[in-house]
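# Breakdown of the fold
Listed below, chain by chain, are the residues.
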There are 2 protein chains.
Amino acid sequence: LTLTIMRIARLKLFMQLGGEQISSIGRGICVLLGISLEDTHKELEHMVRKILNLRVFEDESGKHWSKSVMDKQYEVLCVSQFTLQCILKGNKPDYHMAMPADQAESFYNNFLEQLKKAYKPELIKDGKFGAYMQVNIQNDGPVTIELESPAATVDPKQLAKLEKQQQRKEKTRTKVPSESSRERNAPRNKDDPSASSGAEGDVSSEREP
Amino acid sequence: LTLTIMRIARLKLFMQLGGEQISSIGRGICVLLGISLEDTHKELEHMVRKILNLRVFEDESGKHWSKSVMDKQYEVLCVSQFTLQCILKGNKPDYHMAMPADQAESFYNNFLEQLKKAYKPELIKDGKFGAYMQVNIQNDGPVTIELESPAATVDPKQLAKLEKQQQRKEKTRTKVPSESSRERNAPRNKDDPSASSGAEGDVSSEREP
């Protein structure tokens with residue numbers, strides 16, 4: 001699952017330019033949801049928890065990143081967004097990694113059900129699956145956060161432990177088994193340019209206009 | 001660099017709720033730009049090319065994913081968005097991977113300059129760096145694409161070559177030097193759940209409410 005989460009002041013969904021309004025919320029978060037071929041119920045459950053508990057709002061004293069949408073009892077509007085599963089081939093988006101629409105629709109409906117079950121059904125809104133819509137988002141901040149399951153989530157204690165392991169390794173220069181090196185790199189994966197760098201990307205960009 | 005690119009029908013930027021409008025565009029793309037600590041001019045140049053050449057519009061015959069913002073002579077509105085460099089620590093966003101504001105501002109201004117130079121200055125708009133704004137986005141579709149530099153870009157020919165290498169490897173079961181295995185994995189990095197899966201993510205999600 002690849003999610004784009006935006007903190008919003010207001011959101012309105014229309015069926016087309018100047019067309020019928022099909023959904024709307026006030027303060028809350030907008031969740032654009034890209035489902036991949038490989039997603040299972042495990043990824044779904046993980047993301048439902050993340051969405052509801054992600055701290056994107058301030059508390060009463062104005063302290064940022066303190067409260068979740070659930071803490072504030074705000075609304076969530078979800079829209080299925082297969083384009084988040086894009087792989088670029090040169091400059092052309094390719095979507096063969098996205099779950100096909102027929103499977104994705106039941107996955108998406110299940111996702112909505114789980115969200116409603118974990119929060120309040122009346123605070124979970126959605127659009128029309130697969131429809132061409134105009135999504136009028138008032139992004140408040142702006143605040144936009146990208147989540148990919150299951151990584152990019154670091155537990156502070158675990159991180160501290162891994163950093164210690166790393167320091168120890170650098171001191172002793174002993175041979176580290178590949179397992180622990182994989183563990184160490186995993187939480188940084190999304191944010192470490194070296195992890196996602198490859199000769200192909202560079203070669204391909206050289207060939208472009 | 002982590003970019004959220006949206007295809008838009010209309011976008012208006014306000015300094016605050018009900019406040020002064022500071023920028024707007026009609027049809028085109030919105031680029032939310034997250035700059036990381038490790039970004040250099042190389043990543044900047046790569047992304048400027050990607051933004052201007054990414055095919056998110058249809059052509060005259062209605063064929064999707066055919067035309068870029070430059071092909072259509074549409075507008076680009078950029079907003080700096082450090083929250084895209086978020087790492088989750090439990091449910092709390094952490095931004096220590098984002099470039100600090102003082103450096104990020106000149107990086108961002110340079111990015112705008114390069115965009116203007118590669119396209120047309122009058123078609124590149126922006127907000128106010130670091131300001132709290134209301135970004136009123138009318139996402140057309142919706143179409144939202146996440147780009148991370150420098151990976152997630154696959155040249156079709158290169159991909160075919162790598163797939164052949166992979167098949168050959170599976171047939172012969174010979175030892176593959178780590179270099180070629182790294183190359184093979186690189187383009188899929190963003191989209192391969194196994195590549196970003198790690199024990200930490202799972203452990204941390206188990207601990208959450």
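Residues numbered from 1 in each chain as written. Chains lettered and ligands numbered in written order. Predicted model: local features only at pLDDT ≥ 70, side-chain atom pairs only at ≥ 80, totals over all residues. Heavy atoms only, no water.

The name given to chain A in an unreviewed UniProt entry is D-aminoacyl-tRNA deacylase, with Gopherus evgoodei as the source organism. A UniProt comment under Subcellular location (unreviewed entry) is attached to chain A, and it reads "Cytoplasm". Per UniProt, chain A carries the Sequence similarities (unreviewed entry) text "Belongs to the DTD family." (UniProt positions renumbered as here; feature names shortened; annotations may be inferred.)

Our next topic: the overall build of chain A. Looking only at helices and strands, chain A features six helices and 11 strands. Counting the 209 residues in chain A, one finds 55% classified as buried. If you take every contact in chain A between residues at least 6 apart in sequence, the share linking residues at least 24 apart comes to 71%. Accessible surface, chain A as shown: approximately 9400 Å² in total, 48% of it carbon and sulfur. (Helix = DSSP H or I, 4+ residues; strand = E, 2+ residues; numbered from the N terminus. Buried < 20%, exposed > 50% of the residue type's maximum accessible area, 1.4 Å probe, protein only. Contact = heavy atoms within 4.5 Å. Areas by Shrake-Rupley, 256 points an atom, 1.4 Å probe, with all protein chains shown as cover.)

Locating Leu 32 of chain B in the fold gives a position in strand 3 (residues 28–34). Judged by its relative accessible area of 0%, Leu 32 of chain B falls in the buried class. Taking the C-alpha atoms as reference points, Leu 32 of chain B and Asn 110 of chain B, 78 residues apart in sequence, are found 15 Å from one another. Not counting residues up to four positions away in its chain, the partners in contact with Leu 32 of chain B are Thr 144 of chain A together with Thr 2, Leu 3, Thr 4, Met 6, Val 79, Gln 81 and Leu 84 of chain B.

This brings us to the pairing of strand 3 (residues 28–34) of chain A. Residue and element names in this part refer to chain A. Counting buried positions along strand 3 gives seven out of seven residues, so the element sits mostly inside the fold. Where strand 1 (residues 2–14) and strand 3 come together, seven bridges link them in antiparallel fashion. Along strand 3, the bridge assignment pairs Leu 3 with Leu 33. For strand 3 and strand 6 (residues 75–80), the ladder comprises six bridges, and the chain directions are parallel. Its bridge partner being in strand 6, Leu 32 is matched across the sheet by Val 79. (Pairing = 2+ DSSP bridges.)

Attention now moves to helix 1 (residues 41–53) of chain A. For helix 1 of chain A, built from 13 residues, the straight-helix expectation of 18 Å at 1.5 Å per residue is met to within 8% by its first-to-last C-alpha distance of 18 Å. Burial in helix 1 of chain A covers these residues: Glu 43, Leu 44, His 46, Met 47, Val 48, Lys 50, Ile 51, Leu 52 and Asn 53 of chain A. (Expected span 1.5 Å × (residues − 1).)

Moving on to the pattern of salt bridges. Oppositely charged side chains can pair when the atoms bearing their charge come close. Residues and elements named next belong to chain A. Here the structure, examined in full by the defined rule, presents eight salt bridges over all chains. Between Arg 7 and Asp 140 there is a salt bridge; the shortest N-O distance is 3.3 Å. Taken together, the residues Arg 7 in strand 1 and Asp 140 in strand 10 (residues 133–148) connect sequence positions 133 residues apart. By relative accessible area, Arg 7 is classed as buried at 9%. Three or more residues joined by partner-sharing salt bridges are found here, namely Arg 7, Arg 27 and Asp 140. (Salt bridge = Lys/Arg side-chain N within 4 Å of Asp/Glu carboxyl O.)

A word on the packing of helix 1 of chain A against helix 3 (residues 101–118) of chain A. All names here are of chain A. Where helix 1 contacts helix 3, the axes come no closer than 10 Å and their chain directions differ by 45°. The orientation of helix 1 relative to helix 3 falls into the category oblique. In terms of crossing hand, the pair formed by helix 1 and helix 3 is right-handed. Along the contact surface, helix 1 presents His 41, Leu 44, Val 48, Ile 51 and Leu 52, while helix 3 presents Phe 107, Asn 110, Phe 111, Gln 114, Leu 115 and Ala 118. (Axes fitted to C-alpha atoms, helices over the stretch in contact; angles between N-to-C directions. Parallel < 35°, antiparallel > 145°, perpendicular 65-115°, else oblique. Left-handed = near helix turned anticlockwise from the far one by under 90°.)

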